[in-house]
Amino acid sequence: MKLQPTDVQLAMTSLTGWTLDTHAQHHTPCLSKSWALPSFEAAVTRFNQIAQLAQAQDHHPEVLSSYTQLQVRIWTHDAAGLTHKDFTLAQAIDQLSTTP
Ligand SMILES: C[C@H](O)[C@H](O)[C@H]1CNC2=NC(N)=NC(=O)C2=N1
């Protein structure tokens, strides 16, 4: 179920380092987070960790990879907006960042 703007604002406080964006191509609100990893290998490892979470949750982010840079954008296609599923995935991704 699509979250109302006030619920989105509240849920944003549960995340670390994410911004609320409007996706330029898909014209939908999305959660966005970027990383600069120390190496290409570290970026690929992070990509794979995110992919595993996405498969486990059956919720799939857009992941843009460029050398050591990663950007993840999450939204719910069916709802053309943000739902609890987006925040659940973003929170799980935040847990990765604190785990070496
Ligand atoms: C059937 C399946 O649950 C849907 O296609 C899922 C898969 N992963 C998804 N991922 C994201 N980010 N948004 C969706 O709406 C979505 N839909």
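Residues numbered from 1 in each chain as written. Predicted model: local features only at pLDDT ≥ 70, side-chain atom pairs only at ≥ 80, totals over all residues. Heavy atoms only, no water.

Could you clarify how one ought to interpret the pattern of salt bridges in this entry?
Pairing of side chains with opposite charge becomes possible as their charged atoms draw close. According to the stated counting rule, one finds 2 salt bridges in the structure shown. Residue Asp94 is joined to Lys33 by a salt bridge in which the shortest nitrogen-to-oxygen separation is 2.6 Å. Of this pair, Asp94 sits in helix 3 (residues 84-97) while Lys33 sits in strand 2 (residues 29-36), placing them 61 residues apart in sequence. We classify Asp94 as buried; its relative accessible area is 8%. Between Arg73 and Glu62 there is a salt bridge, and its shortest N-O distance comes to 2.6 Å. Here Arg73 is found in strand 4 (residues 69-74), whereas its partner Glu62 is found in strand 3 (residues 62-66), with 11 residues between them in sequence. For Arg73, a relative accessible area of 15% translates into the label buried. (Salt bridge = Lys/Arg side-chain N within 4 Å of Asp/Glu carboxyl O. Helix = DSSP H or I, 4+ residues; strand = E, 2+ residues; numbered from the N terminus. Buried < 20%, exposed > 50% of the residue type's maximum accessible area, 1.4 Å probe, protein only.)

Any chance you could explain the packing of helix 2 (residues 40-57) against helix 3 here in plain terms?
A pair of packed helices is captured by two measures, namely the crossing angle of their axes and the spacing between those axes. Helix 3 packs onto helix 2 with a crossing angle of 145° between their chain directions and a minimal axis gap of 10 Å. Handedness of the crossing formed by helix 2 with helix 3: right-handed. The segment helix 2 lies against helix 3, with Arg46, Gln49, Ile50, Leu53, Ala54 and Gln57 engaging Lys85, Thr88, Leu89, Ala92, Ile93, Leu96 and Ser97. Counted by class, the contact of helix 2 with helix 3 contains 7 nonpolar, 4 polar and 2 charged residues. (Axes fitted to C-alpha atoms, helices over the stretch in contact; angles between N-to-C directions. Left-handed = near helix turned anticlockwise from the far one by under 90°. Contact = heavy atoms within 4.5 Å. Nonpolar A, V, L, I, M, F, W, Y, C, P; charged D, E, K, R; others polar.)

It is not clear to me how helix 2 should be interpreted in this structure. Could you clarify?
One turn of an α-helix holds 3.6 residues; hence residues three or four places apart share an orientation. Taking 1.5 Å of rise per residue, the 18 residues of helix 2 would be expected to cover 26 Å, and the 26 Å separating its terminal C-alpha atoms lies within 8% of that figure. When helix 2 is considered as a whole, its buried residues turn out to be Ala43, Arg46, Ile50 and Ala54. Each buried residue of helix 2 lies within a common arc of 80° when the element is viewed along its axis, so the set occupies one face. Exposed side chains of helix 2 directed beyond 90 degrees from the buried face belong to Glu41, Gln52, Gln55 and Ala56. Buried residues in helix 2 make contact with strand 2, strand 3, strand 4 and helix 3. (Expected span 1.5 Å × (residues − 1). Arc of directions from axis to C-beta.)

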